[in-house]
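Structural overview
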Amino acid sequence: MSVRTQTSEEPAEVVHRAGFACFVGRPNAGKSTLTNALVGQKVAITSNRPQTTRHTVRGIVHRPDSQLILVDTPGLHKPRTLLGERLNDVVRTTWAEVDVIGFCLPANEKIGPGDRFIAKELAGIRKTPKIAIVTKTDLVDSKTLAEQLIAIDRLGKELGITWAEIVPVSATAGKQVDLLADLLVPLLPEGPALYPEGDLTDEPEQVMVAELIREAALEGVRDELPHSIAVVVEEMLPREDRPADKPLLDIHANVFIERSSQKGIIIGPKGRRLKEVGIKSRKHIEALLGTPVFLDLHVKVAKDWQRDPKQLRRLGF
């Protein structure tokens, strides 16, 4: 078993490489946090609620010798709804198209049925190199971490997966994040950069704005709501008649839930929750777009949208 930790001298690559890596793992394994840590800026929404990523966000890591494009996928899981099935399809399609797969397993949770379910699927993908990434290492002591590393090595042997590397990281503490990039890059094909210098993601701004609003809406709500919230940005327009040095962007967005009974949870007493959602998300949106924003939020009911193909299409799935 070869477990990688930072050394003072990693060999320098001379050729330029560019390609795609994707992080997979069950919901809440730390994939989005890791993407953001590698890119150095928020491009994927994070939440302590599982199953919050719905779009494959591409984060772009620019280095002198390489360009690493990170594809963040939803967590693979046993689906209970049409939305769940579509999210799983997104994951499998992504796996088939990337140059390297990073399998995220949290250090603080023993390998479970969900991890095995994913590992079995990975075993069927023969050609693509796979790195096992032990996330959230800041939450455990060295003994627990060692046990997890051994368990992951054993899982690979059991299913016939040869891990290109096994690397422990902590995205929140910034531990070994650079090393992970160093290990991913040699597995990419040689070639020129695929995106212009300075681009951090190829997600449309409207999609990212909607995701930031949904992240704020997810905070502090009851357990049954994460799956039920969808956000659609209806329009983003510069406010007319504003002086050039004082621009203002008007953003009108709808927060959709599945049942009328959920409306009160999102809006809160006297509209306080929705106001908090607006304040919190506006701050992130302004940082993302680099301009002052007026955010107009409305809560609407789209009955059982997760199970309705027509509504799923309308909401962008």
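Structure report, in brief. Residue numbers here run from 1 along each chain, matching the order of that chain's written sequence. Reporting of local features is limited, given that this is a predicted model, to residues whose pLDDT is at least 70; pairs of side-chain atoms are given and counted only at 80 or more, and all residues count toward the totals for whole chains, interfaces and linings. To get the side-chain values, all heavy atoms of the structure are used, and hydrogens and water are removed first.

Remarks on the packing of helix 6 (residues 205-218) against helix 8 (residues 272-289)
Geometry of a packed helix pair, given as the angle between the helix axes and the separation of the axes. Selection rule: Each axis is a line fitted through C-alpha atoms, and for a helix only the stretch in contact is used; angles between axes span 0 to 180 degrees, taken between their N-to-C directions. Numbering of helices and strands runs from the N terminus; a helix is a DSSP stretch of H or I covering at least four residues, while a strand is a stretch of E covering at least two. Each crossing gets its handedness from the near helix: less than a right angle anticlockwise from the far helix is left-handed, clockwise is right-handed. We call two residues in contact whenever any of their non-hydrogen atoms come within 4.5 Å of each other.
Viewed as axis vectors pointing N to C, helix 6 and helix 8 meet at an angle of 145 degrees, and their least axial separation amounts to 8 Å. Classified by chirality, the crossing of helix 8 by helix 6 is right-handed. Across the interface between the two elements, Glu205, Met208, Val209, Leu212, Ile213, Ala216 and Ala217 from helix 6 touch Arg273, Val277, Lys280, Ser281, His284, Ile285, Leu288 and Leu289 from helix 8.

Focus on helix 5 (residues 177-184)
Stated precisely, the cut-off is as follows: Here's how the labels work: a residue is buried when its accessible area is under 20% of the maximum for its type, exposed when over 50%, partly exposed in between, all with a 1.4 Å probe on protein chains only.
The buried fraction of helix 5 amounts to 6 of the 8 residues, a majority that puts the element mostly inside the structure. When helix 5 is considered as a whole, its buried residues turn out to be Val177, Leu179, Leu180, Ala181, Leu183 and Leu184.

Points about the pattern of salt bridges
Basically, it comes down to this: We define a salt bridge as a side-chain nitrogen of Lys or Arg found within 4 Å of a carboxyl oxygen belonging to Asp or Glu.
Overall, the coordinates contain 10 salt bridges when judged by the stated rule. Across the salt bridge formed by Glu147 and Lys143, the nearest N and O atoms sit 2.9 Å from each other. With Glu147 and Lys143 both in helix 4 (residues 142-159), this residue pair falls 4 residues apart, about one helical turn. By relative accessible area, which is 40% here, Glu147 ends up partly exposed. On the basis of relative accessibility, which here comes to 59%, the residue Lys143 falls in the exposed class. What you see here is one network of salt bridges that share partners, running through Arg26, Glu109 and Asp115.

Looking at the environment of Ala146
On the secondary structure map, Ala146 appears in helix 4. Here Ala146 falls in the partly exposed class, since its relative accessible area comes to 34%.

Observations regarding the packing of helix 3 (residues 113-123) against helix 4
Basically, it comes down to this: These descriptions rest on fixed angle ranges, namely under 35 degrees for roughly parallel, over 145 for roughly antiparallel, 65 to 115 for roughly perpendicular, and the rest for oblique. Classification convention: Asp, Glu, Lys, Arg as charged; Ala, Val, Leu, Ile, Met, Phe, Trp, Tyr, Cys, Pro as nonpolar; all other residues, Gly among them, as polar.
Here helix 3 crosses helix 4 at 50 degrees, and the two axes come no closer than 10 Å. Between helix 3 and helix 4, the angle falls in the class oblique. Where helix 3 crosses over helix 4, the two elements pack in a sense that is right-handed. Contact residues: Arg116, Ala119, Lys120 and Ala123 in helix 3; Leu155, Glu158 and Leu159 in helix 4. Tallied by class, residues from the contact of helix 3 with helix 4 come to 4 nonpolar, no polar and 3 charged.

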